[in-house]
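Descriptive structure summary
As a plain string of letters, each chain reads:
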Amino acid sequence: MAVEQNTQNQVSTSEEPKTKERKGPYRFLNPYNFVRYLERERPTDHNLGNCPPPPHDRYIGLTGRITCRVDAKTPLFISDSHAVRELKDKEKEGHKIYRFFEYEGQPALPASSLRGMIRAIFETATNSCFAVFTNKRLSYHFDSRQAPWLVPARVEKSASGWLLRLLTGTADLRIGTGPRDEQYAAWLFRYWPIKPSGTLVKEPQNRRTRLFKVRTKAGMEVKLRDLTHGKECFAIMQLTEHPHPRIKFWDVVALGNSRDELESNLRDGQVVKPGWLCLTNQNIEPKHSERFFFRDQEDDSCPETISLDEPVRRAYEGLISDYQERHRDKVQNRSRQGQPIDKRVGDEPALSRFVYRDEERQLKGGELVYAFLNGTSNNPQVEFIVPVSVPRVGYKRSIGDLLPPRLHRCNDAQTLCPACRIFGWVSGEEKQAQGKQTAYAGRVRFSHGKPVAGTIEAFETPIPLAILSSPKPTTTNFYLVRGDGQPDRTGKLNYDDNQARLRGRKVYRHHGQMLSEQEYVRSGWREDDQNRTASGVLKSGAFTFTVEFENLAKEEVGALLWALELEGWHHRLGFAKPLGFGSVLVKVEKVEICDPGERYAMLDTSGWRTITESVWRERCVISFKTKMKELYGKDFLELENVKDLQALLTEPSIGLPIHYPRPPYYVEPHGDFAKPNPEGMQFEWFVGNKRRPEPIPLPLASKEEIGLPLLEKNGNEYSDS
Ligand SMILES: [Zn+2]
């Protein structure tokens, strides 16, 4: 069966009555929420806690094979990395078309996907470590009112270590405030602003505004000649006042490679100074100038250089990586469309230099930066360094600092958590002590899922999927909770707050009856480089796979069986989970045990025997649940992690549409009737939420009673009641 192309016109009037009938304001559920971790520590020397893994060369536990059946309950798509096609036509350039994974010429479920799916649940249920966890430092927008406090500086590497050269111009260094008179760095007029600042617009006839206009006119800007960013050179400059009467600065009128060539052109009031050229491109709309970093030789208000310690250097490198990751799509888009990266394109600013140059990820010495200083002007210390004057700043704490140490990835082969002992472990440490074990092979092996004859039904038409967005962990009221585990309603909780903690493991909810084609098909069936097309998406289908296990304790077999069957709740598998794809049910069909003693002693028997369902349920699954209750103090199904899994992986308890947060879209201009913006526009919802006096946090997974409202960019809640 084909997906009907009726979404061509997303705003068709035929849908109005259906939506209008709804009672009360429009509400929706976020496609993901978090599964809380358990408060109690895993026990040590326990097979459901931390202990040494058994050796692979002796049989001391149960060895056998579990045969399972998987049934797709919502559209399912797993892509085949070998069969990706990319469109080349103009508007569709860069659009990729994926095919369903195949094995032996038939659609199949790759073993690695099945293994990943089961490990995620096993880890969550057994309170194991977070094996897949990117521990990095996130960043936030620096308060622009503090921008004048930042001191221009140059990173230098000397025989005695790393130093920061403070380039305060002719001003005295002041800590915790801006310079008293002229700014530290000199200005080089280079651009007419994309959006001129208030003074330029309001006082066009002002004498100093006119000067400004003349200096930024095309052809009148300061010539860079052969000079590039970071280059040591000389500048002719004169002290000037900005139209805004409180800003005084050195205005660079010419640049050169030597003092001699410049000095012959000096006019009254001008001076020549050596320094460094700092170019970051026209990277924000009001920008008109680049900077020249220098220091007056007679300045003794502060030391010339101060030490630059490793944590500050690492934090800077992390920040640059963060900048580069945030802008990767933009950089690629521009190169693909043949647009310049370092210049404005229409009204869109250029990208900052350090955003696209790979070599900037690592400090080498010679970098021009801005420093935030502490201490006194005689004895300043560096708090952090940043690449621009209105920067993003890294949080002091990394994501991992908000996760209790007991849940960090295992780091000692002699004491591993249940998931690492069964699914395998690789040390995450870069430098390992000599002779220390760095990996442990798991004790389970998954097969590919092979189709059950006659069950496979695929959509005939390839589906251009809705745009998938990347995770946004800086939306703190979605990712963090307070120390008491409750969502924050003040909007002030952030990664540096001692009270803040991570919510837990992110899980995409099962959409069930609320699955909507409007949510997973791209609005207008568009195909471009922002979305991808999936061909051969399964409408329904069943597969079988096996899990071979070796040397497991009976509680471990129980945990594995539980993670497979999941109380009949849905697993989430494959691509486009936020759009509702990939809900599958797993049923254990057969459990066989191999008795190696028997196999070796009696050559005529295979040593394999099938265990009846009542026996494996009783001996393994129940004994796993009973042990968990003993260890964590509650009935297994009452544990926070298990309750949250249930809330997210069963039919949604409230029948609300499921999609990412969106602003309203007014069907009639200025009318009352609105629906979620079909273009997504997730960003606007979060901007609006931040502007509210009490930003709306994501509720806990098991307490989602009313859903979230549509929000306008100004924070207003759309209500149609
Ligand atoms: Zn572990």
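Nothing here was measured: the structure is a model prediction, and the numbers come from that model.

**A word on the overall build of the protein**
Regarding its fold elements, the protein presents 15 helices and 37 strands. Per-residue burial over the protein gives 50% buried out of 721 residues. Residue pairs in contact within the protein that sit at least 24 positions apart in sequence constitute 75% of those at least 6 positions apart. Accessible surface, the protein as shown: approximately 34,800 Å² in total, 48% of it carbon and sulfur.

**Focus on unusual backbone geometry**
Even without a glycine there, the phi angle at Asn281 is positive, about 80 degrees. With respect to the helices, strands and loops of the structure, Asn281 is situated in the loop between β14 (270-278) and β15 (289-294). At Ala576, a residue that is not glycine, the phi angle is positive and equals roughly 60 degrees. Counting through the fold element by element, Ala576 comes out in the loop between β32 (571-572) and β33 (583-594).

**Side note on the packing of aromatic side chains**
By the definition in use, this model includes 30 aromatic pairs. Between Trp187 and Phe249, the ring centres sit 3.9 Å apart and the planes meet at 15 degrees, which makes this aromatic pair stacked. Note that Trp187 is positioned in strand β11 (residues 186-189) and Phe249 in strand β13 (residues 248-256), a separation of 62 residues in sequence. The two residues Trp187 and Phe249 agree in class, both being buried. When the ring of Phe372 is compared with that of Phe384, the centres are 5.0 Å apart and the planes differ by 10 degrees; the resulting orientation is stacked. Taken as a pair, Phe372 in strand β17 (residues 368-375) and Phe384 in strand β18 (residues 380-386) lie far apart in primary sequence, twelve residues in all. In terms of burial, Phe372 and Phe384 fall into one category: buried. Aromatic ring contacts, followed pair by pair, group Tyr32, Phe34, Tyr479, Tyr508 and Tyr660 into a single cluster.

**A look at the coordination of the zinc ion**
Six octahedral donors at a metal ideally form angles of 90 or 180 degrees, and four tetrahedral donors ideally form angles of 109.5 degrees. The zinc ion binds to the protein through Cys129 (SG), Cys410 (SG), Cys417 (SG) and Cys420 (SG); the donor distances cover 2.3 Å. In this structure, the zinc ion is surrounded by four donor atoms whose angles at the metal cover 104 to 115 degrees, and the resulting shape is tetrahedral. Sequence positions of the residues that donate to the zinc ion give the spacing C-x280-C-x6-C-x2-C. Taken together, the positions of Cys129 in the loop between α2 (111-125) and β8 (139-141) and Cys420 in helix α8 (residues 418-423) put the pair 291 residues apart, joining distant regions of the chain.

**Quick look at the confidence of the model for the protein**
For the protein, the mean per-residue pLDDT works out to 88, and 91% of the residues sit at or above 70. pLDDT under 50 marks residues 1-22. Its contacts with residues more than four places away, or in other chains, come to 42 contacts.

Cut-offs applied
Residues numbered from 1 in each chain as written. Predicted model: local features only at pLDDT ≥ 70, side-chain atom pairs only at ≥ 80, totals over all residues. Heavy atoms only, no water. Helix = DSSP H or I, 4+ residues; strand = E, 2+ residues; numbered from the N terminus. Buried < 20%, exposed > 50% of the residue type's maximum accessible area, 1.4 Å probe, protein only. Contact = heavy atoms within 4.5 Å. Areas by Shrake-Rupley, 256 points an atom, 1.4 Å probe, with all protein chains shown as cover. Phe/Tyr/Trp six-rings, centres within 6.5 Å; stacked < 30°, edge-to-face > 60°. Donors = N, O, S within 2.8 Å, 3.2 Å for Na, K, Ca; no water. Tetrahedral: all angles 85-135°; square planar, octahedral: opposite > 155°, others 65-115°. pLDDT = per-residue confidence, 0-100.

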